[in-house]
Amino acid sequence: MAMTAVARETVFALRRQIAKIEGTLPERLAAPAAATSDADVNTDLTIVRRGIAAALPDAFLPIGVGRLDVALSGGLPKAALSEIHGTQTRDAGAVAGFALSLTSLILKQTPGLPVLWIGTTEIFREAGFPYARGLHGSFGIGPEQLLFSEAPRLVDALWVAEEAARMTALAAVILEIRGNPQRLDLTATRRLHARAQGAGRPVFLLRQAAEPEPTAAPVRLIVASAPAAPRDTIAGPLAGSIGRPAFTLTIGKSRTALPGQFTLEWNPDERAFDERAGDERRGEGRQRAKNPVPVVSLSGRGKNPAAASGAVLAFPAVGSPAAISPTARDQPSRPQRAAHLGPRRAG
């Protein structure tokens, strides 16, 4: 027992020393009461969690959701490399949409500066490019604010990302990679993280269809698509409709946060996130508008909405092939009959 206590204190002392060297301070968190099964061992244990000691007020990019920002100790670090993972290929759209949402939040704070999106030919062929009109309508990003760099090989994409990460003329840099290539190792991510720290700009590493692996990024977020809730109306949710885009966000790794999972919705009108708990939506940390999304207006003839429509039947248009009777359909038309009966052109 004495040796266990001494070893534990030695480990804590080493962690405190490492925290001082790295410029962080230890934060003590109470561990669960039943930490061990041995009644003779003292269960009053502590878990050391490191937090940034001296951070400027604008050192983080707040997501806008209270619980998530608290879990991330203020939000995503601006001058750092952050990972955004999609575990499957089908999550590529959700990962890109979440990155564009973060880009919209960044451009609010740094207007006038563009964002550079870097990717290989493979990833752009697999996931495609963002739609310019959708960028402006859903995220408020103008086509001139989002630049793309398509590299034929991963080594070229990494070189472009390292050179762009040191530029203060960019609001942010996005590097999109597919899978777990060998070149994207701990050394490569350390270089990206160092460039981001030097320039004071965020670098987002988008990992499509990738497995988590050791990197130098302080934060790793795992993003997947979530079912959209029905669209809000004055009379309540509109059955059968599709509401705002939703994401399932999991904190996979963080130096200042414990693992957690959140369901977020992106509000394209306010350009902000809301957290959804169950069937309810709640915005924390900011004041929501009275009507956050466009609503369906009431009936003009009365105070109550119109009744739901019945079964919808599809009728063929007049003159379409489906509207012609089978007997008439088999017979050639009058102009066709003359050509059919006339002599064929030879040669």
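Now for a look at the structure at hand. In this text, all values refer to a predicted model and were calculated from it rather than measured experimentally. (Residues numbered from 1 in each chain as written. Predicted model: local features only at pLDDT ≥ 70, side-chain atom pairs only at ≥ 80, totals over all residues. Heavy atoms only, no water.)

A separate point is the pattern of salt bridges. One pass over the structure, following the stated rule, counts 12 salt bridges. Linking Arg207 and Glu213 is a salt bridge whose minimum nitrogen-to-oxygen distance equals 2.9 Å. With a relative accessible area of 0%, Arg207 lands in the buried category. Taking the relative accessible area as the measure of exposure, Glu213 reaches 22% and is therefore partly exposed. Arg244 is the partner of Asp274 in a salt bridge, and the nearest nitrogen-oxygen pair spans 3.3 Å. With Asp274 in strand β15 (residues 272-277) and Arg244 in the loop between β12 (236-238) and β13 (246-254), the pair connects residues that are 30 residues apart, well separated along the chain. Both residues of the pair, Asp274 and Arg244, count as buried. Residues joined by salt bridges that share partners form a network here, namely Glu83, Arg207, Glu213 and Arg220. (Salt bridge = Lys/Arg side-chain N within 4 Å of Asp/Glu carboxyl O. Buried < 20%, exposed > 50% of the residue type's maximum accessible area, 1.4 Å probe, protein only. Helix = DSSP H or I, 4+ residues; strand = E, 2+ residues; numbered from the N terminus.)

A word on the nonpolar core. In terms of nonpolar packing, the biggest core is built from 42 residues, with Leu68, Phe98, Leu102, Phe204, Leu264 and Phe273 touching the most fellow members. Considering each element in turn, this core owes the most residues, 10 residues, to helix α3 (residues 92-109). The contacts of Leu102, once residues within four sequence positions are left out, are Leu61, Ile63, Leu76, Ile84, Phe204 and Phe273. Counting 20 residues, the second-largest nonpolar core is a separate cluster that includes Ala151, Ala157, Ile177 and Ala217. (Core = buried A, V, L, I, M, F, W, Y, C linked by side-chain atoms within 4.5 Å. Contact = heavy atoms within 4.5 Å.)

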